[in-house]
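Descriptive structure summary
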Amino acid sequence: MVALGKQLGAVGRCPAEDRNLCGMPWSGSHLCGGDDYPKLSGQPQIYLSRQLHLFQQRIRGGSENEELMHPIVDKLTDEQIEALVAYYA
């Protein structure tokens, strides 16, 4: 599970379906956080999972950039979300 999450996070691709999840990799600076995005590394699994599901349901807000996540999370299956969560947590 962690290996799949690492691949999804590192290259932004779904390997089984050979398609991009987003235009940018989720690795590197996303692990540390920054001014424009939250730190993902070390967050509780339940928190990360909930946030991704809230984005899918269009319930998660909090910033003017929240819509950037919609095209990404719309492509994620529950298994892929849990793999990403396992990797980042």
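Residues numbered from 1 in each chain as written. Predicted model: local features only at pLDDT ≥ 70, side-chain atom pairs only at ≥ 80, totals over all residues. Heavy atoms only, no water.

**Observations regarding the packing of helix H3 (residues 45-56) against helix H5 (residues 78-88)**
The contact between H3 and H5 brings their axes to 9 Å, and the two run at 140 degrees. Accordingly, the angle class assigned to the pair H3 and H5 is oblique. You can see that H3 and H5 cross each other, and the crossing is right-handed. In this structure, H3 contributes Gln45, Leu48, Ser49, Leu52, His53 and Gln56 to the contact, and H5 contributes Asp78, Ile81, Glu82, Val85, Ala86 and Tyr88. For the contact of H3 with H5, the residue count by class is 6 nonpolar, 4 polar and 2 charged. (Axes fitted to C-alpha atoms, helices over the stretch in contact; angles between N-to-C directions. Helix = DSSP H or I, 4+ residues; strand = E, 2+ residues; numbered from the N terminus. Parallel < 35°, antiparallel > 145°, perpendicular 65-115°, else oblique. Left-handed = near helix turned anticlockwise from the far one by under 90°. Contact = heavy atoms within 4.5 Å. Nonpolar A, V, L, I, M, F, W, Y, C, P; charged D, E, K, R; others polar.)

**What about the environment of Leu8?**
Here Leu8 shows up in helix H1 (residues 2-11). Taking relative accessible area as the criterion, Leu8 reaches 0% and is therefore assigned buried. The spacing of Leu8 and Leu84 is 76 residues in sequence and 6.9 Å in space, taken between C-alpha atoms. (Buried < 20%, exposed > 50% of the residue type's maximum accessible area, 1.4 Å probe, protein only.)

**Re the environment of Pro44**
With respect to the secondary-structure elements, Pro44 resides in the loop between helix H2 (29-32) and H3. Overall, Pro44 belongs to the partly exposed group, its relative accessible area being 45%. Separated by 44 residues in sequence, Pro44 and Tyr88 have C-alpha atoms that sit 8.9 Å apart.

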